[in-house]
Amino acid sequence: MVPNLSIVIPAYHEATRLSGTIQTALTYLNEYHPDAEIIIVDDGSSDETTLVAERSLANAGRIQGRVIRNQPNRGKGHAVRTGLLAARAGIALFSDADFSTPITETPKLVGPIERGECDLSFGSRALDRSLIGVHQPWRREQGGRVFNLIVKMVTGMPFWDTQCGFKAFRMSVCRPIIEAAQIDRFAFDVELIYVARLAGLRLCEIPVRWDNYEGSKISFVRDSFKMVGEVLSIRDRARRGKYDAALSATRRLADNQPLTTDRFVTEEN
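Residues numbered from 1 in each chain as written. Predicted model: local features only at pLDDT ≥ 70, side-chain atom pairs only at ≥ 80, totals over all residues. Heavy atoms only, no water.

With respect to the state of the cysteines
Counted under the stated rule, the structure contains one disulfide. Between the sulfur atoms of C118 and its disulfide partner C204 the distance amounts to 2.4 Å. Here C118, found in the loop between α4 (106–114) and β5 (120–124), pairs with C204, found in strand β7 (residues 203–207); they are 86 residues apart in sequence, far enough to count as distant. For C118, a relative accessible area of 0% gives the class buried. Free cysteine C164: the closest other cysteine sulfur is in C204, separated by 15 Å. C118 supplies the cysteine sulfur nearest to C174, a cysteine that is in no disulfide, at a spacing of 9.2 Å. (Disulfide = S-S within 2.5 Å. Helix = DSSP H or I, 4+ residues; strand = E, 2+ residues; numbered from the N terminus. Buried < 20%, exposed > 50% of the residue type's maximum accessible area, 1.4 Å probe, protein only.)

Dropping the structure here:
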């Protein structure tokens, strides 16, 4: 049976907490999306991430579960794209393995796509900061704000948070963009959103609940120059026509869709 929703979870050295994550997802999906699938993408972990994922999905109820193992480690962006391109549902959502944004926020992103209001929806911590339960350390939170300001300046996009690990895609129009994306690590989210916007797709930035969990593998102090460099490389690739084929394919698929909307804000439940 073809699933009606695909949940993609990239995982790198997540053996410790992945079992809890998958169980939380299965409990929610079996109640609210019983025809969904979960795809775990192990991005070259050297611990027991794959084994834990396989065991956790063994009793998935009606939910279809798969584990994909990448070797060697290629980066979160590559893992997310691998999972999205393997998705069989018309709508695919990826979430960080720590569920910083709870899986119960899924309707906020999936609903607008189901209603035909947007093609790519992404969670935002910036539009309503009252939804943040546990904040990041001050330095890291300020670093995130600075990075998003740099993204706005470099790309010209109006969005306030491109980095929240909770995004959903209408796969019928987003697939060419996902296939063409090239950033494997820090700025892969920016690339997907930027190219989707160039293609004229309808983008929805939606406030979601969010809690910080320790264990992030990105250091803004150590990795800040790499992150900015990747954002600059996205704009450079666009200028050199590296995304042109994907843009043309996406526009053909989206011919009958309404004009682009840059932001869609949902009411808080």
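Side note on the nonpolar core
Among the nonpolar cores identified, the biggest contains 43 residues, and L84, L120, F169, L201 and L203 are the most heavily contacted of them. Ranked by the residues each element gives to this core, the list is headed by helix α7 (residues 188–198), at seven residues. In this structure, I9, A11, A36 and A53 belong to the second largest nonpolar core, which totals 35 residues. (Core = buried A, V, L, I, M, F, W, Y, C linked by side-chain atoms within 4.5 Å.)

Concerning the sheet that holds strand β2 (residues 37–43)
Ordered in space as β3-β2-β1-β4-β6-β5-β7, the seven strands form an open sheet in which the pairing is mixed. Single-partner strands in this sheet number two, and they are β3 (64–70) and β7. Each adjacent strand pair in this sheet contributes to an overall mean axis angle of 20°, direction not counted. Here strand β1 (residues 6–11) runs beside β2; their pairing, made up of six bridges, is parallel. Considered in β2, the bridge of V8 is made with I39. Contacts between helix α1 (residues 18–32) and the sheet are confined to β1 and β2, with β2 contributing the most and set at about 165° to the helix. (Pairing = 2+ DSSP bridges. Axes fitted to C-alpha atoms, helices over the stretch in contact; angles between N-to-C directions. Contact = heavy atoms within 4.5 Å.)

Description of the packing of helix α6 (residues 171–180) against helix α9 (residues 244–253)
As a packed pair, α6 and α9 sit with axes 8 Å apart at the nearest point and diverge in direction by 175°. Taken together, the axes of α6 and α9 lie roughly antiparallel to each other. Between α6 and α9, the contacting residues are S172, V173, P176, I177 and A180 on the first element and A246, A249, T250 and L253 on the second. For the contact of α6 with α9, a count of residues per class yields seven nonpolar, two polar and no charged. (Parallel < 35°, antiparallel > 145°, perpendicular 65-115°, else oblique. Nonpolar A, V, L, I, M, F, W, Y, C, P; charged D, E, K, R; others polar.)

A short note on α7
In terms of burial, α7 is largely enclosed, as nine of its eleven residues are buried. When we look at burial in α7, the residues that qualify are F188, D189, V190, E191, L192, I193, Y194, V195 and A196. Two residues or fewer past α7, G200 is found with a positive phi of approximately 85°.

Here we look at α9
Among all positions in α9, only A246, L247, A249 and T250 are buried. Looking straight down α9, one finds its buried side chains confined to an arc of 165°; they lie on one side. With respect to the buried face of α9, the exposed residues turned more than 90 degrees away are A245 and R252. Here the buried face of α9 lies against α6 and α7. (Arc of directions from axis to C-beta.)

Some details on the packing of aromatic side chains
A complete count under the given rule lists four aromatic pairs for this structure. For the ring pair Y28 and Y32, a centre distance of 5.0 Å and an interplane angle of 35° mean the geometry is tilted. Residue Y28 and its partner Y32 are located together in helix α1, separated by four residues, close to a single helical turn. Accessibility expressed as a relative area gives 9% for Y28, which makes it buried. When the ring of F94 is compared with that of F169, the centres are 6.4 Å apart and the planes differ by 20°; the resulting orientation is stacked. Of this pair, F94 sits in strand β4 (residues 91–95) while F169 is found in strand β6 (residues 166–170), placing the two residues 75 residues apart along the sequence. Comparing F94 with F169 shows no difference in burial state: the two are buried. Site record: aromatic cluster; members linked through ring pairs are F94, F169 and F188. (Phe/Tyr/Trp six-rings, centres within 6.5 Å; stacked < 30°, edge-to-face > 60°.)

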